[in-house]
Structure formats: structure tokens, C-alpha cells
Amino acid sequence: MKLVFVTEARFIKDAQGNFYGESSFNFELWERYLTVFSKVIVMARVRNDVNYIGNTNLKSSTEKVSFIELPYFIGPLQYLKNRRAVNAQIKESIDCIDAVFICRVPGTIGNLAIKYLRQQKIPFGLEVVGDPWDVFAPGSIK
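Residue positions are given per chain, counting from 1 as you read along its sequence in written order. Local features are withheld for residues below a pLDDT of 70 in this predicted model, meaning they are given only at 70 or higher, and side-chain atom pairs are given and counted only at 80 or more; totals for whole chains, interfaces and linings count all residues. Side-chain figures throughout are based on the complete set of non-hydrogen atoms in the structure, without hydrogens or water.

### Quick look at the overall build of the chain
Here is step 1 of the chain: For the chain, the count of helices and strands is four helices and six strands.
Here is step 2 of the chain: For the chain, the sequential pattern of α-helices and β-strands runs β-β-α-β-β-α-β-α-β-α.
Here is step 3 of the chain: Computed over its C-alpha atoms, the radius of gyration of the chain comes to 15 Å, within 12% of the 14 Å expected for a compact globule of 142 residues.
Here is step 4 of the chain: In terms of overall dimensions, the chain has C-alpha extents of about 40 × 40 × 30 Å along its principal axes.
Here is step 5 of the chain: Exposure is judged per residue with a 1.4 Å probe applied to protein chains only, and the accessible area is read against the type maximum: over 50% gives exposed, under 20% gives buried, and values in between give partly exposed. Per-residue burial for the chain yields a buried fraction of 39% across its 142 residues.
Here is step 6 of the chain: Whether two residues are in contact is decided by their heavy atoms, any of which lying within 4.5 Å being enough. At a minimum sequence separation of 6, the contacts of the chain that also span at least 24 residues come to 70%.
Here is step 7 of the chain: Per-residue and other accessible areas follow the Shrake-Rupley method at a 1.4 Å probe size, with only the shown protein chains counted as cover for residues. Surface summary for the chain: the accessible area is close to 8600 Å², and the carbon and sulfur share equals 54%. A helix here means a DSSP run of H or I that spans at least four residues, while a strand means a run of E at least two residues long, and both kinds are numbered starting from the N terminus. Radius of gyration means the value over C-alpha atoms here, while the globule rule gives 2.2 Å times the residue count to the 0.38 power.

### Quick look at the state of the cysteines
Here is step 1 of the chain: The term disulfide is used for any two cysteine sulfur atoms that are within 2.5 Å. Throughout the structure, instances matching the rule amount to zero disulfides.
Here is step 2 of the chain: Cys96 takes part in no disulfide bond, and the closest cysteine sulfur to it belongs to Cys103, at a distance of 16 Å.
Here is step 3 of the chain: Judged by its relative accessible area of 61%, Cys96 falls in the exposed class.
Here is step 4 of the chain: For Cys103, a relative accessible area of 0% corresponds to the buried category.

### Describing the pattern of salt bridges
Here the idea is simple: oppositely charged side chains can pair when their charged atoms come close.
Here is step 1 of the chain: By definition, a salt bridge exists where a carboxyl oxygen of Asp or Glu is found within 4 Å of a side-chain nitrogen of Lys or Arg. Summed over the entire model, instances satisfying the criterion amount to five salt bridges.
Here is step 2 of the chain: The closest approach of N and O atoms between Arg104 and Glu127, which form a salt bridge, is 2.8 Å. Of this pair, Arg104 sits in strand β5 (residues 100-105) while Glu127 is found in strand β6 (residues 125-128), placing the two residues 23 residues apart along the sequence. Of the two residues examined, Arg104 and Glu127, each falls in the buried class.
Here is step 3 of the chain: Because the salt bridges share partners, they merge into one network encompassing Arg32, Arg104 and Glu127.

### Concerning the nonpolar core
Here is step 1 of the chain: Within the largest apolar cluster, 22 residues are counted, with the highest numbers of intra-cluster contacts made by Val4, Val6, Met43, Ile90, Ile94 and Ile109.
Here is step 2 of the chain: Breaking this core down by element, the ones donating at least two residues are β1 (2-13), β3 (39-48), β4 (65-70), α2 (75-96), β5 and α3 (108-119).
Here is step 3 of the chain: Per-element tally for this core: the top contributor is α3, with six residues.
Here is step 4 of the chain: Grouped together as the second largest cluster of nonpolar side chains are 18 residues, Ala9, Phe25, Trp30 and Tyr33 included. Nine residue types can take part in a nonpolar core, namely buried Ala, Val, Leu, Ile, Met, Phe, Trp, Tyr and Cys, and a core is a set of them joined through side-chain atoms within 4.5 Å.

### Some remarks on the confidence of the model for the chain
Here is step 1 of the chain: What pLDDT expresses is the predictor's confidence in each residue, scored from 0 to 100. Residues at a pLDDT of 70 or more form 96% of the chain, whose mean pLDDT is 91.
Here is step 2 of the chain: Ranking the elements of the chain by mean pLDDT puts helix α4 (residues 132-136) last, at 70, and β4 first, at 97.

See below:
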């Protein structure tokens, strides 16, 4: 059984088609899901960079971990510019994949996917992350 893991994280794709995550979004994260699922398909924002020389410790893709590449954006203005393309890619991907879905929330990508999954009456799981103290601590918002 396949898993589609919907995340707010951003990834970089190098010239060889390898995907690299930020800090904890490397292959070690996916190993826990691969004990249950035969394949993990990560739905996330991906920036193509043919000159990127990735750190092997941050490599996220393998033969068992692939990606649904959403348009890359950072922040609300870039999101608004890419909103239609992001929504279209999420809907198209959900419609053509036979898999289990886990949406990591909070986040824009997870919320968009949840909205469409509900419309299509497709069951999904949630992985809730984040610490309110870290998010709302004094000085965390400038």
C-alpha cells in the first residue's frame, strides 16, 4: 500500500532528480512510514536547482520515496501568485493516486489537500505538529 504524505516542507531537486529536504526531512523521517507502507509519495513544494550540490544527510528521495512536485512559493504573496497552479496540482494528484493520505498540519498545503479530500469523500489521517509556545513565544513574530 502507498502513502501520500502531504507536507508544508520545501524541497530542492538537483540535476540528477534527487530531492533534498530541510533538516529533519531526510530519508530517516520516511523510514518509519516504510515499516507500514510499500512506498511514500511526498506532496510538497519543490524548487528545481540544476546547480545544487546536495548534502547526502539531507537526501530525501530513494526508490521507495518519490515526490509530487507542487509549485514552489514562500510567503503569502508568492502563494497568491501560484494559488491556482498549487490547487490544480493537488486536485490532479489526489484524483489519480490510489493511496492512503496523511496530511501534516498546520499549513497551507495540508489544509488545501484536506479540503479536496473531504469534497471527494476520501478518508485521510492527520499528523499534527508544532508547539504553540514556540510559535507564539515573545519575540517569535516580528
